[in-house]
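Working through the structure, step by step
The lines below spell out each chain.
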Amino acid sequence: RAQFGGYFEALQDSRFDDAAAHFSTDTLWVHPPYAGSPERELARGRREPIHTFAHKRGASPVRQVITGFWQAGDRVFLEGVIEGIPNGGSFASTGQLSASGEVSRYVAFYTAARWPESPA
């Protein structure tokens, strides 16, 4: 959980090099489109995500709050809510950790609908 929390924290502070440092050198990073683009974002390694963060995401008030985290071996699933933008939203992500504990795969999904932070 620390790797994903650190990644989100660095993004929130626009420390894009630090955000990418949570990934392995051969990572696969897939994210919903930024700035109204119709295409999902795809980046590999550490350098490509930094470029995407700096040139497509940029500084943002968005704050990802992890509300659920499950791990089985090197596979993880996390869900959460988005704060810092009007009406927020919800996200779900899958990931995989490398043998050294870095994020080697990250695939995120977003919806503008916000689900409750705690199950009813």
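For the structure, check the block above.
A brief structural summary.

Rules behind the numbers
Residues numbered from 1 in each chain as written. Predicted model: local features only at pLDDT ≥ 70, side-chain atom pairs only at ≥ 80, totals over all residues. Heavy atoms only, no water. Pairing = 2+ DSSP bridges. Helix = DSSP H or I, 4+ residues; strand = E, 2+ residues; numbered from the N terminus. Axes fitted to C-alpha atoms, helices over the stretch in contact; angles between N-to-C directions. Contact = heavy atoms within 4.5 Å. Buried < 20%, exposed > 50% of the residue type's maximum accessible area, 1.4 Å probe, protein only. Phe/Tyr/Trp six-rings, centres within 6.5 Å; stacked < 30°, edge-to-face > 60°. Core = buried A, V, L, I, M, F, W, Y, C linked by side-chain atoms within 4.5 Å. Salt bridge = Lys/Arg side-chain N within 4 Å of Asp/Glu carboxyl O.

1. A short note on the pairing of strand β3 (residues 63-72)
- Pairing of β3 with strand β4 (residues 75-83), which is carried by 9 bridges, proceeds in the antiparallel orientation. If you follow R63 over to β4, its bridge partner there is E83.

2. Thoughts on the sheet that holds β4
- With mixed pairing, 6 strands are arranged side by side in an open sheet as β2-β1-β6-β5-β4-β3. Edge positions in the open sheet fall to β2 (41-44) and β3, since each of these has one partner strand only. Pairs of neighbouring strands in the sheet enclose a mean axial angle of 15 degrees, with direction left out of account.
- Note that strand β5 (residues 89-97) and strand β6 (residues 103-111) share 8 bridges and pair antiparallel.

3. Let's talk about the environment of V65
- Among the secondary structure elements, V65 is positioned in strand β3.
- C-alpha separation for the pair V65 and E79, spaced 14 residues apart in sequence, amounts to 8.4 Å.
- In contact with V65, not counting residues within four places along its chain, are E79, G80, V81, E83 and F91.

4. With respect to helix α1 (residues 2-12)
- The set of residues buried in α1 consists of F4, G6, Y7, F8, A10 and L11.
- With its phi angle positive at about 60 degrees, S14 sits one or two positions after the end of α1.

5. Points about the packing of aromatic side chains
- Here the structure, examined in full by the defined rule, presents 10 aromatic pairs.
- Each ring, one from Y7 and one from F8, has its centre 5.1 Å from the other, and the planes form 35 degrees; the classification is tilted. For the pair Y7 and F8, one class covers both residues: buried.
- Measuring from centroid to centroid gives 5.8 Å for W70 and F77, while their planes differ by 40 degrees, and the two rings are tilted.
- The exposure class of W70 is partly exposed, given its relative accessible area of 45%.
- Overall, the relative accessible area of 32% leaves F77 in the partly exposed class.

6. Here we look at the nonpolar core
- Of all hydrophobic cores here, the largest spans 25 residues; its most connected members are F4, Y7, F23, W29, F53, L78 and Y106.
- Residue assignment for this core shows that the elements contributing at least two residues are α1, α2 (16-20), β1 (23-31), α3 (47-57), β3, β4, β5 and β6.

7. Some words on the pattern of salt bridges
- Inspection of the entire model under this criterion finds 7 salt bridges.
- Of the charged contacts in the structure, one is a salt bridge between E41 and K56, with a shortest N-O distance of 3.1 Å. Taken together, the residues E41 in strand β2 and K56 in helix α3 connect sequence positions 15 residues apart.
- E41 sits in the buried class, given a relative accessible area of 5%.

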